[in-house]
Amino acid sequence: MAKINELEAEYNRTQKNKATMKHLCLLKAKIAKLRREVLDGGKSGGGGGAGEGFDVNKSGDTRVGLVGFPSVGKSTLLTKLTGTFSEAASYEFTTLTAIPGTLTYRGAKIQVLDLPGIIEGAKDGKGRGRQVMGTARTCNVILMVLDAMKPATHKKLIEHELEGFGIRLNKKPPNMVLRKKEKGGLNFQAMVEQSELDYDTVFQILKEYKIHNADVTLREDVSVDALIDVIEGNRVYIPCLYVLNKIDQLTIEELTIIDQLPHNVLISAHHGWNLDELLEKVWEYCNMIRIYTKPKGRLPDYDAPVILHSENPSIEDFCNRLHKSILKELKYANVWGLSVKHQPQKVGKEHLLMDEDIVQLVKRI
Ligand SMILES: Nc1nc2c(ncn2[C@@H]2O[C@H](COP(=O)(O)OP(=O)(O)OP(=O)(O)O)[C@@H](O)[C@H]2O)c(=O)[nH]1
Ligand SMILES: [K+]
Ligand SMILES: [Mg+2]
């Protein structure tokens, strides 16, 4: 830790300009590496150790985690959303473990996890921070609950904690390829102009990780941090909503300002205000689509949609969601809905489905 602090101090006092860029990049790589070592030493991977969370069974179609400082209203929100009681009180650290609740929205079963409050330094082992963040890593969407009365800097602080645990919020994995090899040195290719990385910098950073032979292809402007993420691996990319709670204490003027920020949803958990919009947004951020099944000669089962997560799920994904062996037996599928021109249309396993399509699987005999 002392070494990390020293390097961070050096990073902060170094002037940021073209001449110092390389040095700064290297410092970043060194810090990232040390951080992981410290966390690994403290048992299991920090740049994101999975398997370190609370012991709660995953249930339902998707999992949503409530993360935030103490007393921002996470438990109040869980109780309001799911009807599952989680104790709420005006003192900090009321909640000491993960409390799961479930709700049904548009036919999907959503598991909501109330989590203990986290504090600065959580990622380095303060409080139950590591367990909270280990659990946050398993969520499909994170709701960062913030007290709308508290400084806006709190958002950054929590983000920083999650970042330090390998969680990337509202980001996509960098569009680049890193392929390690046995020999041949570094083969560096940038498809678009780079503002931070060049051959030398990449070479130095890889060397820090003892990678001497690799193909590196950058398909977008990749930052040093993003490159380090790819080298370290084990990062998770999770959509996040900033849930500003306790808006009953704000003025209309204050509300109008914070309402405009991206990913923000304004609520009052206590009064149950604006929970409809919150659920609508959660639905959007979960990126789920509903597929109805239609047994031959019967109406579709509209009450129990099959929920799929990926953006453009195929018939193959649909089959695999039902059962591993189904795909092997599949002859073709009949599909009704937005993804097809004819109603129904005969399609193969590569066909991409859309929300609320109806699918009838026809098996080989
Ligand atoms: N004014 C106001 N107070 C609220 C609202 N929601 C929750 N509170 C209050 O905020 C306090 C903390 O609520 P909790 O639900 O215990 O907060 P928590 O985030 O679960 O806290 P920890 O479990 O300690 O981390 C309680 O006194 C709640 O009544 C709200 O919408 N408006
Ligand atoms: K509390
Ligand atoms: Mg609580």
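Being a predicted model, the structure only gives us computed values, none of them experimental.

**Thoughts on the coordination of the potassium ion (ligand 2)**
Summarising the metal site, the potassium ion (ligand 2) is bound by the protein donors S71 (OG), A89 (O), Y91 (O) and T94 (OG1), whose distances to it range over 2.7 to 2.8 Å. In primary sequence terms, the donor set of the potassium ion (ligand 2) follows S-x17-A-x1-Y-x2-T. The metal-metal distance between the potassium ion (ligand 2) and the magnesium ion (ligand 3) is 5.0 Å. On the accessibility criterion, A89 (31% relative accessible area) is partly exposed.

**A look at the domain arrangement of the protein**
Domain annotation of the protein identifies domain 1 (1–41 + 174–232), domain 2 (62–88 + 95–171 + 236–284) and domain 3 (288–363). Here the C-alpha centre of domain 2 lies 32 Å away from the C-alpha centre of domain 1. Taken residue by residue, the interface counts five residues in domain 1 and six residues in domain 2. Here domain 1 meets domain 2 over a buried area of about 500 Å², counting both sides, of which 41% is carbon and sulfur. Our count for the domain 1 to domain 2 interface comes out at one salt bridge. A salt bridge links R168 to D229; its shortest N-O distance comes to 2.7 Å. Applying the counting rule to domain 1 against domain 2 returns one residue pair in polar contact (both at pLDDT 80 or more). Here the side of domain 1 that touches domain 2 is built from residues that sort into three nonpolar, no polar and two charged.

**Details of the UniProt feature "domain: OBG-type G" (unreviewed entry) in the protein**
In the numbering used here, UniProt assigns the "domain: OBG-type G" (unreviewed entry) feature to residues 62–287. Taken end to end, residues 62–287 comprises 30% helix and 25% strand; its first and last C-alpha atoms sit 10 Å apart.

**Topic: the packing of aromatic side chains**
What the rule picks out here adds up to four aromatic pairs. Summarising the aromatic geometry, the rings of Y199 and F203 are spaced 6.1 Å apart at their centres and angled 15° between planes, so their arrangement reads as stacked. With Y199 and F203 both in helix α6 (residues 199–208) and four residues apart, the pair spans about one turn of that helix. Sitting over the ring of Y11, K16 keeps its end group 4.6 Å from the ring centre.

The rules behind the values
Residues numbered from 1 in each chain as written. Chains lettered and ligands numbered in written order. Predicted model: local features only at pLDDT ≥ 70, side-chain atom pairs only at ≥ 80, totals over all residues. Heavy atoms only, no water. Donors = N, O, S within 2.8 Å, 3.2 Å for Na, K, Ca; no water. Buried < 20%, exposed > 50% of the residue type's maximum accessible area, 1.4 Å probe, protein only. Domains from an automatic or database assignment. Contact = heavy atoms within 4.5 Å. Buried area = accessible area lost by both parts, 1.4 Å probe. Salt bridge = Lys/Arg side-chain N within 4 Å of Asp/Glu carboxyl O. Polar contact = N/O pair within 3.5 Å; in protein donor to acceptor, adjacent residues only side chain to side chain. Nonpolar A, V, L, I, M, F, W, Y, C, P; charged D, E, K, R; others polar. UniProt positions renumbered as here; feature names shortened; annotations may be inferred. Helix = DSSP H or I, 4+ residues; strand = E, 2+ residues; numbered from the N terminus. Phe/Tyr/Trp six-rings, centres within 6.5 Å; stacked < 30°, edge-to-face > 60°. Lys NZ or Arg CZ within 6 Å of the ring centre and 35° of its normal.

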